Amino acid sequence: MIELSGISRRYRTGPGGNGNGGNNEAVVVNALSDVTLKIEQGEFVAIIGPSGSGKSTLLHILGLLDKPDSGTYRFLGKDVTRLSDNELAALRNGLAGFIFQQFHLLPRLTAIENALLPLVYAGRAERRDSARARLAEVGLSHREEHRPNQMSGGEQQRVAIARSMVNDPVIIFADEPTGNLDSKSEKEIVDILKKLNEAGKTVVMVTHEREIAEHAGRVIQMRDGYVVSDERRDASLTPVKESVSATDSDKIDNVLSVHRAVGRAEFGDQVQQAFHSIFSHKMRSALSMLGILIGVGAVIAMLAVGQGARESVQKGLASLGSNMLHIHPGAVRTGGVALQAGAVTRLTLQDVEAVAKLDTVRHVCPNVNGRAQLVYKNKNWNTRLQGNGAAYAEMRASVPIVGRFFMEEEVQNRARVVIIGITVAKELFGDSDPVGKIIRINRVEFTVLGISPPKGSFRGWDQDDFVVVPITTAMYRLFGLDYISDMDAEVKEASMMDDAKDEIKQLLLRRHRVSPSNSDVIQIHDMTEIQDMLSSTAKTMGWLLGSIAAISLVVGGIGIMNIMLVSVTERTKEIGLRKAIGARRSDIMVQFLIEAVVMTLSGGMIGIILGSGTAYLLSTLAEWPVKVSGAAVALAVTFSVIIGIIFGLWPARQASRLDPITALKYE
Ligand code: ADP
Ligand code: MG
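None of these values were measured; they are calculated from a predicted model.

Q: I'd like to hear about the sheet that holds strand β6 (residues 96-99), residue by residue, with values.
A: Read across the sheet, six strands follow the order β6-β7-β8-β3-β9-β10 without closing on themselves; strand pairing throughout is mixed. Either end of the sheet is taken by a strand with one partner, and the two such strands are β6 and β10 (226-232). Ignoring strand direction, the axes of neighbouring strands in this sheet form an average angle of 15°. Direction of pairing for strand β7 (residues 171-175) relative to strand β8 (residues 202-206): parallel, over a ladder of five bridges. Each residue of the ladder has a partner; that of D175, found in β8, is V206. Where helix α6 (residues 153-165) meets the sheet, its contacts fall on β6 and β7, and the angle it forms with β6 comes to roughly 170°.

Q: Can you explain helix α19 (residues 572-580)? Please cite residues and give values.
A: The element α19 is extensively covered by neighbouring structure, given that eight of its nine residues are classed as buried. The complete set of buried residues in α19 reads T572, E574, I575, G576, L577, R578, K579 and A580. Directly after α19, the chain includes G582, whose backbone phi takes a positive value near 115°.

Q: Tell me what's going on with the pattern of salt bridges, and back it up with residues and numbers.
A: One pass over the full model with this rule turns up 24 salt bridges. Here D351 makes a salt bridge to R511, at a shortest N to O gap of 2.6 Å. Of this pair, D351 sits in helix α12 (residues 349-356) while R511 is found in helix α17 (residues 497-511), placing the two residues 160 residues apart along the sequence. D351 sits in the buried class, given a relative accessible area of 1%. A salt bridge links E574 to R571; its shortest N-O distance comes to 3.0 Å. Using a relative accessible area of 6% as the deciding quantity, one classes R571 as buried. Residues participating in the shared-partner salt-bridge network are E43, R218, D230 and R232.

Q: Give me the nonpolar core: which residues, what numbers.
A: As a rule of thumb, soluble globular proteins bury nonpolar side chains together. In terms of nonpolar packing, the biggest core is built from 110 residues, with L62, Y73 and F75 touching the most fellow members. Looking at this core element by element, the count peaks at eight residues for helix α20 (residues 585-621). Two domains each put at least three residues into this core: domain 1 (2-263) and domain 2 (270-315 + 533-664). What Y73 contacts, discounting residues up to four positions off in sequence, is I2, E3, L4, I7, I61, L62, L64, K78, D79, V80 and T81. Counting residues in hydrophobic clusters, the runner-up holds 62 residues, among them V352, A391, M487 and I522.

Q: Any chance you could break down unusual backbone geometry for me, citing the residues and the numbers?
A: Non-glycine residue H104 carries a positive phi angle of around 55°. Take H104: its relative accessible area is 9%, and that puts it in the buried class. You will see that E176, though not glycine, has its phi angle at about 45°, which is positive. Note that E176 resides in the loop between β7 and α7 (183-198). Residue E176 is classed as buried on the basis of its relative accessible area of 11%.

Q: Give me the site of ligand 1: which residues, what numbers.
A: The local shell around ligand 1 holds 13 residues, among which G52, G54, K55, S56 and T57 are the closest. Here an oxygen atom of ligand 1 sits 3.0 Å away from a polar atom, N or O, in the main chain of G54. Between ligand 1 and K55 there is a distance of 2.9 Å, counted from an oxygen atom to a backbone nitrogen or oxygen. In isolation ligand 1 exposes 560 Å². Once the protein is present, 68% of that is buried. Those elements that place two or more of their residues in the shell around ligand 1 are β1 (2-13), β2 (27-39) and α1 (55-62). When residues in the shell around ligand 1 are grouped by element, the largest group, three residues, is from α1.

Q: So what's going on with the sheet that holds β2? Residues and values would help.
A: In spatial order, the strands read β2-β1-β4-β5; together these four strands make up an open sheet with antiparallel pairing. At either margin of the open sheet sits one strand with a lone partner, and together these are β2 and β5 (78-79). Examined bridge by bridge, β1 and β2 share nine bridges and lie antiparallel to one another. Counterpart to R9 in the pairing with β2 is L32.

Q: Could you give me a rundown of the side chain of T110, with the residues and numbers involved?
A: Within the secondary structure, T110 sits in the loop between β6 and α3 (111-115). Sequence-distant contacts of T110, defined by excluding residues within four places in its chain, comprise E144, E145, H146 and R147.

Q: Can you break down a nonpolar patch on the surface residue by residue, with the values?
A: Taken together, the side chains of M283, L287, L290 and I294 present a nonpolar region at the surface, about 420 Å² in accessible area. By the element assignment, M283 lies in helix α11 (residues 282-319). Classification of M283 by relative accessible area gives exposed; the value is 60%.

Reading the values: rules and limits
- Residues numbered from 1 in each chain as written.
- Chains lettered and ligands numbered in written order.
- Predicted model: local features only at pLDDT ≥ 70, side-chain atom pairs only at ≥ 80, totals over all residues.
- Heavy atoms only, no water.
- Pairing = 2+ DSSP bridges.
- Helix = DSSP H or I, 4+ residues; strand = E, 2+ residues; numbered from the N terminus.
- Axes fitted to C-alpha atoms, helices over the stretch in contact; angles between N-to-C directions.
- Contact = heavy atoms within 4.5 Å.
- Buried < 20%, exposed > 50% of the residue type's maximum accessible area, 1.4 Å probe, protein only.
- Salt bridge = Lys/Arg side-chain N within 4 Å of Asp/Glu carboxyl O.
- Core = buried A, V, L, I, M, F, W, Y, C linked by side-chain atoms within 4.5 Å.
- Domains from an automatic or database assignment.
- Near = heavy atom within 4 Å.
- Polar contact = N/O pair within 3.5 Å; in protein donor to acceptor, adjacent residues only side chain to side chain.
- Areas by Shrake-Rupley, 256 points an atom, 1.4 Å probe, with all protein chains shown as cover.
- Patch = residues over 30% accessible without salt bridge, like charges linked within 9 Å, V, L, I, M, F, W, Y side chains within 5 Å.

Structure, rendered in structure tokens:
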């Protein structure tokens with residue numbers, strides 16, 4: 001079954017690469033020298049010898065945990081010295097069982113979870129009952145849910161034996177299995193090993209105690225890396241097979257081909273292992289998530305505010321109507337001195353009439369603005385007063401919900417009529433109907449015609465706190481003006497916008513006798529310009545948010561990486577054990593990557609909730625328009641995953657490259 005010939009193993013230690021120059025001659029230890037050995041199926045072999053004689057080194061080579069420097073090793077008839085690390089891992093997982101002096105149970109897992117660990121790497125973790133059956137065989141059915149620190153040494157070692165048996169191996173390797181146990185447990189363990197041997201398992205056991213070795217059918221004695229004696233106690237007890245049977249060599253090919261086909265542990269089991277380790281360090285995991293959590297939360301909140309502002313501005317623009325041009329007097333420079341806007345040119349009602357006559361224009365509405373004191377009975381209210389043309393109602397989607405707007409005729413007559421906003425209505429009239437009532441505006445009596453439709457508030461600014469009167473009434477009766485401040489024009493077709501702009505400009509420049517070189521005195525804007533301006537502001541804001549997001553996520557990612565590196569160091573033994581029982585590099589890598597991603601992703605998820613909560617608070621308390629968009633959430637999730645992969649990669653690689661033996665010995 002096992003054939004070693006001329007196996008040697010040297011360790012090189014001493015001042016190799018520590019760089020203090022001078023004496024850097026390495027010390028070479030010949031741990032094994034020219035070992036030639038055959039072990040047949042069904043044997044119970046004890047390897048004894050003083051400490052440092054090479055027993056463990058030999059067992060590690062036999063158990064495919066370590067490779068010899070020279071010599072050949074045939075296992076089940078196949079030369080295994082040339083196999084890759086992953087193939088060796090597959091053979092360890094499928095054909096060998098390991099029992100160590102220090103038990104090497106994973107402290108956070110229960111007895112049954114420890115026992116089924118090799119099944120995870122065989123991709124068969126669903127076979128929980130086979131782990132249960134093995135625990136029953138070692139008499140631990142009642143301890144299934146206990147953790148290692150809740151069990152005695154003997155019990156822990158029995159769990160380790162159950163673990164070594166769970167994949168039904170052909171051979172069991174035990175390194176000083178009773179070294180840490182009292183004599184009663186010692187006997188139990190040896191009895192179990194003997195029973196396994198009687199049931200047909202080959203057992204190779206290292207021990208330094210003669211008494212224990214007595215139980216084996218064959219004792220190999222070692223000293224200074226050499227085999228010094230090899231004797232069978234009782235030949236009749238050990239069913240010796242001379243040659244490897246066909247089924248055995250089939251078995252090894254089988255394991256290798258399954259390994260090639262399956263490749264790695266089931267993803268679901270890996271995720272489960274990752275969750276296990278995160279939940280066993282709740283505080284640490286929570287703290288390391290904090291960076292990602294805050295980053296994602298801030299980003300979600302800020303994107304929500306940005307998006308909300310953009311949408312409310314767009315909605316506002318849409319309510320202004322389409323095909324609108326805004327015309328106002330501009331500043332003029334004379335000799336380098338900027339005059340105040342409107343200092344040279346003032347738009348008049350005659351300008352409005354002229355513009356209205358253009359073919360491309362459907363409606364024109366002049367505007368003046370000011371403040372006014374309103375009085376009704378004993379109620380006083382100060383508000384914003386607009387003077388507008390009759391076209392205002394239609395152009396600005398302001399046809400009253402109660403009552404009516406004023407007509408062209410009322411504009412001509414400077415009628416004392418007023419449309420009030422809903423806030424004004426509430427302040428002056430409470431619940432009673434204002435239509436037809438008389439109020440005083442700056443001591444002039446006005447009749448209320450209607451209530452303007454509600455527009456809501458925008459960033460704390462109440463858009464319903466205003467009144468509208470005819471433009472002429474505002475100019476001549478209230479403010480004493482003979483000019484307007486600006487006007488809005490609605491163009492007939494979207495395609496006529498540019499023509500209309502030119503026509504209006506030419507017309508107004510002509511009317512005011514302004515030379516074309518001074519054409520800036522008339523400013524005409526359309527909504528697409530305003531939209532462009534807003535979207536460029538939004539873009540700048542987006543860049544700003546993006547960089548804040550990037551910084552916080554990178555910082556969060558570094559935090560995760562730090563924790564993961566600590567965790568790799570702390571769990572070196574665990575990694576060694578996992579590798580010993582058959583985890584491939586990729587399995588370890590994937591496990592740590594999943595841990596990192598699970599942490600960043602959960603951090604991200606909590607961040608999303610937190611960010612949305614903040615946005616919600618802003619919208620209710622500060623009345624900010626906010627919107628948490630699906631795109632922002634998707635972005636946050638994607639970024640969390642990517643950050644996890646990027647910053648988990650290095651620690652995961654470190655973990656996956658550990659050598660199983662070195663890792664197991666790590667203190
Ligand atoms: P045993 O198990 O019989 O006590 P080992 O097989 O562990 O002995 O070790 C055999 C020899 O190899 C000892 O001299 C030990 O110091 C040396 N040795 C074992 N492992 C290493 C290592 N990783 N690096 C250097 N020397 C080692
Ligand atoms: Mg040893």
